[in-house]
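Topology and contacts: notes
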Amino acid sequence: MSDTTQISKDKLLVEAIANGTVIDHIAPGQAMNILRLFKFLGKHNHITVGFNLRSGELGSKDIIKISDVTFSPSETEQLAILAPNATINVISNYKVIDKYDLRLPNETIGAFKCPNSNCITHVEEAATPRFKIFVNSNQEVMMRCHYCERVFTREVVLKNNGLEP
Amino acid sequence: MTNPLFQKDIISISEFTREHIELILKTARQLKENPRDDLLKGRLIGVTFFEGSTRTRLSFETAIHRLGGQVIGFADASNTSLGKKGETLADSIRIITSYVDALVMRHHMEGAARLAADISPVPVINAGDGANQHPSQTILDLFTIYETQGRLNEINIAFVGDLKYGRTVHSLAEALCNYNARIYLVSPESLAMPKYILDTLDKHHIEYSIHQTIEEVMPKVDILYMTRVQKERFDETEYQHLRSKYILTPQMLTEARSNMKILHPLPRIDEITLDVDSTPHAYYFKQAANGVYARQALLSLVLNKEI
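**What to know about the packing of helix α5 (residues 135-149) of chain B against helix α9 (residues 284-303) of chain B**
Packed helices, taken two at a time, are described by the angle between their axes plus the distance between the axes. All names here are of chain B. In the contact formed by α5 and α9, the axes pass within 8 Å of each other and the chain directions differ by 115°. It follows from the interaxial angle that α5 and α9 lie roughly perpendicular. Handedness of the α5/α9 crossing: right-handed. Of the residues in α9, those touching α5 at S136, I139, L140, F143, T144 and E147 are Q287, N290, G291, Y293, A294, R295 and L298.

**Comments concerning the packing of helix α6 (residues 167-176) of chain B against helix α7 (residues 195-203) of chain B**
Residues and elements named next belong to chain B. Contact geometry for α6 and α7: axes closest at 9 Å, N-to-C directions at 10°. One element, α6, and the other, α7, form an angle in the roughly parallel class. Mapping the contact onto sequence places H170, A173 and E174 in α6 and I197, T200 and L201 in α7. A per-class count over the contact of α6 with α7 returns three nonpolar, two polar and one charged.

**Focus on the sheet that holds strand β10 (residues 141-145) of chain A**
Residues and elements named next belong to chain A. Read across the open sheet, the four strands follow the order β8-β9-β10-β11; overall the sheet is antiparallel. Pairing within the sheet leaves two strands with one partner each, and these edge strands are β8 (107-109) and β11 (151-153). In this sheet, neighbouring strand axes are inclined to one another by 30° on average, regardless of whether the strands run parallel or antiparallel. Summarising the sheet, β8 and strand β9 (residues 130-135) pair through three bridges and their orientation is antiparallel. What sits directly across from E107, in β9, is K132.

**Comments concerning the domain arrangement of chain A**
Residues and elements named next belong to chain A. On domain assignment, one finds that chain A holds domain 1 (4-101) and domain 2 (107-160). Each of domain 1 and domain 2 has a C-alpha centre, and the two are 26 Å apart. At the interface, four residues of domain 1 touch five residues of domain 2. With three residues, helix α2 (residues 73-82) is the largest single contributor of residues to the side of domain 1 that touches domain 2. Counted by class, the side of domain 1 that touches domain 2 contains one nonpolar, two polar and one charged residues.

**Digging into helix α1 (residues 18-33) of chain B**
Residues and elements named next belong to chain B. Between its first and last C-alpha, α1 extends 23 Å over 16 residues, near the 22 Å set by a 1.5 Å rise per residue. Among all positions in α1, only I21, I24, L25, T27, A28 and L31 are buried. Buried residues of α1, seen end-on, are gathered within an arc of 160° and therefore sit on one face of the element. Away from its buried face by more than 90 degrees, α1 exposes R18, E19 and E33.

**Some thoughts on unusual backbone geometry**
Between L266 of chain B and the following residue, P267 of chain B, the backbone shows a cis peptide bond with an omega angle of 10°. Counting through the fold element by element, P267 of chain B comes out in the loop between β9 (261-263) and α9. The backbone phi angle of H25 of chain A is positive, close to 60°, even though this residue is not glycine. Tracing the backbone through its elements, the reader meets H25 of chain A in strand β3 (residues 20-26). At Q139 of chain A, a position not held by glycine, the phi torsion is positive, near 65°.

How each quantity is defined
- Residues numbered from 1 in each chain as written.
- Chains lettered and ligands numbered in written order.
- Predicted model: local features only at pLDDT ≥ 70, side-chain atom pairs only at ≥ 80, totals over all residues.
- Axes fitted to C-alpha atoms, helices over the stretch in contact; angles between N-to-C directions.
- Helix = DSSP H or I, 4+ residues; strand = E, 2+ residues; numbered from the N terminus.
- Parallel < 35°, antiparallel > 145°, perpendicular 65-115°, else oblique.
- Left-handed = near helix turned anticlockwise from the far one by under 90°.
- Contact = placed C-beta atoms within 7 Å.
- Nonpolar A, V, L, I, M, F, W, Y, C, P; charged D, E, K, R; others polar.
- Pairing = 2+ DSSP bridges.
- Domains from an automatic or database assignment.
- Expected span 1.5 Å × (residues − 1).
- Buried ≥ 20, exposed ≤ 12 C-beta atoms within 10 Å, placed from the backbone.
- Arc of directions from axis to C-beta.

Structural data, given as structure tokens:
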């Protein structure tokens, strides 16, 4: 049986998942980054991904439905850096048992490498890469390395980590 | 009352409040006027220079000895078994800090001092971590500005030379954001002040302007902060063209204010000609001497509840 059950005029209907997570309202282009960051493609979970779907709030959006996965608080923070306006729906037995909006975290630990090649995090295992996150006056998401104190835009950090900004 | 820097790490100038800076400068001034040889009595300080820097190391060691403390350490990690045997920096720090009352550390990688501070049970003073921070240099610069001008508020200061890679100018410019400075930036276009520093100046409503020659800012400034335009950053023809613009000579000082002082983090190579040294504006050697008092103040405050 296929995941996609039918395509109507204005809706893409995908099969409901029994248990897992639906990440909705992902900014277009970020769904692939989420799959890459969490290495979901190498696992055997059932995944449905929609790119550039029509969305009232965003104009267009990406969406991910992934079975048998829930996100820990620290994973939720990493997710929020890629998709700060997304909504998480936790599904259990076909029902939404929890629903919340992602919020940009103040800090992220261990998820992203520091783009500064002379940062101590590249040679010392004890120095787990760690960034403070803030929004600057141009409304850009900025990330400041705890160790080398360099400030990067979110896009530079993502690019340096093999993710498309 | 316990001073707010007691047992604190000194890693980055950005962590200091205006009150911290003023306490350090006041302490430095007191120690310069009334030397104390008891503030580090019975204390052992690790001075570990994983990267060589003779002036900074001797300045720290002088400060410690003058305050009655003792030193263990090394001038260059290549002469030690650290690293060679494959030990991590984290393990080296754990061991050294189990011997001493405080650690002064210099390392070529950015963030090394923060890592040490996160691990160490005793206070860590950053003596330079790569291109990142060198807080005792900024303190000695502020101390010297105060000493020569009688104030830190509303100083007119020109930063000249390599403003792109110059760690000292970045930290000093950031520190002066607390003091409503007027900043003149004089550099080749390719060595201009980085945008993130300009953003910080904007955020603090600090007035600044960008210039190509020293002469155009000379009559306006109280402090001329010189740095070296390094030859290796340019091809030979370009360097020869730029070189003359960023070399300070006595002839360029004719329009200078009488209170104007020239500072330089040193070493000076050829960017200030030797005949400038005898003008009343030259202050860079006294600035270097002030490094001892600035470091005495930091060490005293970190290791004494009250002074």
